[in-house]
Each structure stands twice: as structure tokens, then as C-alpha cells.
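For reference, the chains in residue letters:
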Amino acid sequence: MMKRLDLAALGLVVTLLAGATVRAETEAPRTAAERFERMTPEEKEALRAKLREFKSLPPDEQERIRGNLERWRKLPPEERERIRANLRELKRLTPPERQALRERVRELRKLPPEERAEMRERVRQYLREHPEKREQMMENMRRWRQLSPEQRQEVRERLRERRRR
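As the structure is a computational prediction, the values presented were derived from the model and not from experiment.

Going through the model one piece at a time under the given rule, you end up with zero aromatic pairs. Its end group placed over the ring of phenylalanine 36, lysine 44 keeps NZ or CZ at 5.2 Å from the ring centre.

Time to look at the pattern of salt bridges. Enumeration over the complete set of coordinates arrives at 13 salt bridges. For glutamate 89, the salt bridge goes to arginine 92, with nearest N and O atoms at 2.4 Å. Of this pair, glutamate 89 and arginine 92 both sit in helix H5 (residues 77-92), three residues apart, which is roughly one turn of the helix. With a shortest N-O distance of 3.2 Å, glutamate 161 and arginine 164 are connected by a salt bridge. Of the two residues, glutamate 161 and arginine 164 are both situated in helix H9 (residues 149-164); the distance of three residues between them amounts to about one turn of the helix. Look at glutamate 161 and you get partly exposed, because its relative accessible area is 36%.

Another aspect to go through is the side chain of glutamate 43. Looking at the secondary structure, you find glutamate 43 in helix H3 (residues 41-56). Judged by relative accessible area, glutamate 43 falls into the buried class, the value being 18%. Among the polar contacts listed, one links the side chain of glutamate 43 to the backbone nitrogen of threonine 40, at a separation of 2.8 Å.

Attention now moves to the confidence of the model for the protein chain. Across the protein chain, the average pLDDT comes to 79, with 82% of residues at 70 or higher. Residue range residues 1-8 is modelled with pLDDT below 50. Its contacts to residues more than four positions away, or to other chains, number two contacts.

At a minimum axis separation of 8 Å, helix H8 (residues 131-146) and H9 run at an interaxial angle of 130°. When the axis of H8 is compared with that of H9, the two are oblique. The residues of H9 that touch H8, namely those facing Trp144, Arg145 and Gln146, are Gln151, Arg152, Val155 and Arg156. Classifying every residue of the contact of H8 with H9 by side-chain character gives two nonpolar, two polar and three charged.

Taken together, the side chains of Arg102, Arg106, Arg109 and Lys110 present a region of like positive charge at the surface. Counting through the fold element by element, arginine 102 comes out in helix H6 (residues 95-110). On the accessibility criterion, arginine 102 (42% relative accessible area) is partly exposed.

The next point concerns the environment of glutamine 151. Position of glutamine 151 among the secondary structure elements: in helix H9. In terms of polar contacts, glutamine 151 uses its side chain to reach the backbone amide nitrogen of serine 148, at 2.8 Å.

On the surface, a nonpolar cluster with roughly 290 Å² of combined accessible area is contributed by Leu87, Leu90, Leu101 and Val105. For the nonpolar patch, the elements supplying multiple residues, two or more each, are H5 and H6. Given the relative accessible area of 38%, leucine 101 is considered partly exposed.

Thresholds applied
Residues numbered from 1 in each chain as written. Predicted model: local features only at pLDDT ≥ 70, side-chain atom pairs only at ≥ 80, totals over all residues. Heavy atoms only, no water. Phe/Tyr/Trp six-rings, centres within 6.5 Å; stacked < 30°, edge-to-face > 60°. Lys NZ or Arg CZ within 6 Å of the ring centre and 35° of its normal. Salt bridge = Lys/Arg side-chain N within 4 Å of Asp/Glu carboxyl O. Helix = DSSP H or I, 4+ residues; strand = E, 2+ residues; numbered from the N terminus. Buried < 20%, exposed > 50% of the residue type's maximum accessible area, 1.4 Å probe, protein only. Polar contact = N/O pair within 3.5 Å; in protein donor to acceptor, adjacent residues only side chain to side chain. pLDDT = per-residue confidence, 0-100. Contact = heavy atoms within 4.5 Å. Axes fitted to C-alpha atoms, helices over the stretch in contact; angles between N-to-C directions. Parallel < 35°, antiparallel > 145°, perpendicular 65-115°, else oblique. Nonpolar A, V, L, I, M, F, W, Y, C, P; charged D, E, K, R; others polar. Patch = residues over 30% accessible without salt bridge, like charges linked within 9 Å, V, L, I, M, F, W, Y side chains within 5 Å. Areas by Shrake-Rupley, 256 points an atom, 1.4 Å probe, with all protein chains shown as cover. Lys, Arg positive; Asp, Glu negative; His and termini not counted. Charge placed at Lys NZ, Arg CZ, Asp CG, Glu CD.

Given below as C-alpha cells:
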């Protein structure tokens, strides 16, 4: 029984990490066991470490992770790829940028539902924009990140002033 649980947990971890650890090959492995067999010894050891970490979690946390995995499996492939792309972008951020993003998300969660809906619509509108305009917006964001807090505050004040006119 314990062996079966170990294999099930290993399968869970393999599945969780499959997108990050499976190398591109002509024929993709179909099962967790096939994916595991194709891993390098270093990848296998990293996976075993993750399994040990998973087993050390409290049961409720393990259950939460299993629930997340089940929701992940039910997502359409396009949605999963969109999430992976977002995670790749998140990993490119510096630690201070990630922290700022976390704080911004916390702030957004505190907004009333109507304001959150408005923000979502703004994001959708942004995503529908022409690629050149999106690139210009991204360049503006890069320049914004390079500003000092004082310079950012100056820009905010100038924008507020323009809106009042």
C-alpha cells in the first residue's frame, strides 16, 4: 500500500513538473512513467527531492495541490499554454519587480467587484491592441521600471494634472 502511494505521489510530481522537465522530442511520452524514464539522472533526482518535499507537507496542503493539479488537467491546451507563457514572463522579472507585482495584485484584490471588472476590461482591451502599440506600451513599462520612486511620483502628478484639464 505504501509503495502504491509513493508511486502515486511520484506520478503526481512528475505530472506537475512535466512541462518544465521534459525535453522536446519527436514523440512525446504519454505517461508519467515514460516521462520519468526519459529524464536525465539530475532531473530524476530533482524530481525525487520534490517528491520528498511534497510528502513532508501537511495533508491539507497536499490535497490543495492535488486539487490544483486536477483543475490544471481540465484546462484546455490553449489556456495551459497561456499560463505557461505568463509564468515564463514572471520568471524573467527581477525579485523586486516580482514583489511589486505581488503587492499590486493584493491591491487589486481589495478593489470592489465593479472596479476589478473595469481593470479586467482594460487588460482585455490592451491584449486586443495592435502589436506595434503593445510593443510601445511594453517599452513605456520598461522605461517606467527604470525610474526612481521620486520620478514615478512626478509622472503620476503630471498625469493627474492633465486629467483635471
